[in-house]
Structure formats: structure tokens, C-alpha cells
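Now for the letters of each chain:
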Amino acid sequence: MEEQKKFMREAIRLSIENIKNGNAGPFGTVIVKNGEIIASGVNKVTQSNDPTAHAEIVAIRNACEKMGSFQLDGCEIYCSCEPCPMCLGAIYWARPDRIYFANTKNDAADINFDDNFIYNELDLSTSQRKLPTIQLLRDEAQVAFIQWRESTEKIEY
């Protein structure tokens, strides 16, 4: 457990450094493989004008680029805070072996990073969501799905 604490301390250090540098939110992430940090990320949302530039997403992009893979097989992710719904989804898609986190989503809500509205929206049907969500042209869009299903050239993930 001491090794895990070392990596978590690095994620926390990055989150603190991000505040000191005035870059963006108080979040840091490191990705570890075979006992070594292979990538890291900090929140860059306001710095890059990218609402998806959360620390976890930045770290996943960096790690995947370094590994030359779209999956993080054999990796662990250390997050200074429990991942938001977007980041948790990305982490699941990246398929690491394990996630560690320090602050909770409730701790984040206490400093106005509250994701509960998203968790609540996910449980609703699209017709009940606050953000109008309207389906259009399903039949036309099915062409791409049919081609994917029938393709022999695809890389499954």
C-alpha cells in the first residue's frame, strides 16, 4: 500500500501545483504501469477552453499516446478526486486494472464542483432530461452501424 500512497501523493501534488500556477481546477491524475508513472494530467478546462480537459482525460490521452494503444491494459489510475461521470466513463472505456481516488465527489461538491445534476439526469429517459434531447434520422444513421457490424476490417474495442 505504500507504493499506492506514493502515486496518490503525486496526483495530489499535481492538483495543488495546478492551483498555485493559476491554470485551472484542483485536480491531478497519474497513470502507472509496472510500478512507474507513465503519464499525468491536470485540469486544463479554463486554460484550454475545453470542457473535457479534466485531469483524468488529459492523463488518459497522454498515456494512450505514449503506449500506442487506446486501452490502458495493466495500468492503474490515481485521481486526486473521485472521477466525475464523464471521466468515469472514459476510464471504463480505457480499461485500466484499477482506480484510486482521494477526495470524494461530495468533497468536490462542497467547493462547487457538483456533478449530482449529471448523475440525476442519467437516470431519466431522454424525454425527461432538462437539456432537450431529440432523436433525428435514426434510419439514415443505421447505415453506419450496419456497415460496422458487417466490416471485416474493424478493430473491436
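Everything numeric here is computed off the predicted structure, so don't read it as measured data.

(A) Representation of the overall build of the protein within the structure. What the protein contains, in helices and strands, is 7 helices and 4 strands. Starting at the N terminus and walking to the C terminus, you meet the elements of the protein as α-β-β-α-α-β-α-β-α-α-α. Taken along its principal axes, the extent of the C-alpha atoms in the protein is 50 × 40 × 30 Å. Counting the 157 residues in the protein, one finds 30% classified as buried. On the protein, roughly 10,500 Å² of surface is accessible, and the fraction owed to carbon and sulfur atoms is 52%. Across the protein, 17 positive and 23 negative side-chain charges occur, with their mean positions spaced 2 Å apart.

(B) Highlighting the packing of helix 3 (residues 55–67) against helix 4 (residues 85–94). Two elements in contact, helix 3 and helix 4, have axes whose closest approach is 9 Å; the angle formed by their N-to-C orientations is 25°. If you check the angle between helix 3 and helix 4, you find them roughly parallel. Helix 4 is crossed by helix 3, and the crossing has left-handed handedness. Counted together, E56, I57 and I60 of helix 3 and M86, C87, A90, I91 and A94 of helix 4 form the full contact between these two elements.

(C) Layout of the nonpolar core. Core analysis: the largest hydrophobic core is formed by 13 residues, its most contacted members being I31, I38, I60, A63, L72 and I77. At the level of elements, strand 2 (36–42), helix 3, strand 3 (75–81) and helix 4 are the ones that each hand at least two residues to this core. A total of 4 residues in this core trace back to one element, the largest contributor, which is helix 3. Of all hydrophobic cores here, the second largest spans 8 residues; its members include F7, L14, V32 and Y78.

(D) Looking closely at the pairing of strand 3. A large share of strand 3 lies buried, amounting to 7 of its 7 residues. Judged from the 5 bridges that link them, strand 1 (residues 28–33) and strand 3 form a sheet pairing that is antiparallel. Across the sheet, the residue bridging to I31 is I77, located in strand 3.

(E) Region of the structure containing the sheet that holds strand 2. Pairing in this open sheet of 4 strands is mixed, and the strands run 2-1-3-4 from one edge to the other. Edge positions in the sheet fall to strand 2 and strand 4 (98–103), since each of these pairs with one other strand and no more. Each neighbouring strand pair of the sheet contributes to a mean axis angle of 15°, computed without reference to strand direction. Summarising the sheet, strand 3 and strand 4 pair through 5 bridges and their orientation is parallel. Directly across from C81, in strand 4, lies its bridge partner N103.

(F) Highlighting helix 1 (residues 2–20). Its 19 residues place the ends of helix 1 27 Å apart at the C-alpha level, agreeing with the 27 Å of an ideal helix rising 1.5 Å per residue. Within helix 1, burial applies to Q4, F7, M8, A11, L14, S15 and N18. Along the axis of helix 1, the buried residues cluster in a sector spanning 110°; they form a single face. For helix 1, the exposed residues lying more than 90 degrees away from the buried face are E2, R9 and K20. Those residues of helix 1 hidden inside the fold are in contact with strand 1, strand 2, strand 3 and strand 4. One or two steps after helix 1, the chain reaches G22, where phi turns positive at roughly 70°.

Basis of the calculations
- Residues numbered from 1 in each chain as written.
- Predicted model: local features only at pLDDT ≥ 70, side-chain atom pairs only at ≥ 80, totals over all residues.
- Heavy atoms only, no water.
- Helix = DSSP H or I, 4+ residues; strand = E, 2+ residues; numbered from the N terminus.
- Buried < 20%, exposed > 50% of the residue type's maximum accessible area, 1.4 Å probe, protein only.
- Areas by Shrake-Rupley, 256 points an atom, 1.4 Å probe, with all protein chains shown as cover.
- Lys, Arg positive; Asp, Glu negative; His and termini not counted.
- Charge placed at Lys NZ, Arg CZ, Asp CG, Glu CD.
- Axes fitted to C-alpha atoms, helices over the stretch in contact; angles between N-to-C directions.
- Parallel < 35°, antiparallel > 145°, perpendicular 65-115°, else oblique.
- Left-handed = near helix turned anticlockwise from the far one by under 90°.
- Contact = heavy atoms within 4.5 Å.
- Core = buried A, V, L, I, M, F, W, Y, C linked by side-chain atoms within 4.5 Å.
- Pairing = 2+ DSSP bridges.
- Expected span 1.5 Å × (residues − 1).
- Arc of directions from axis to C-beta.

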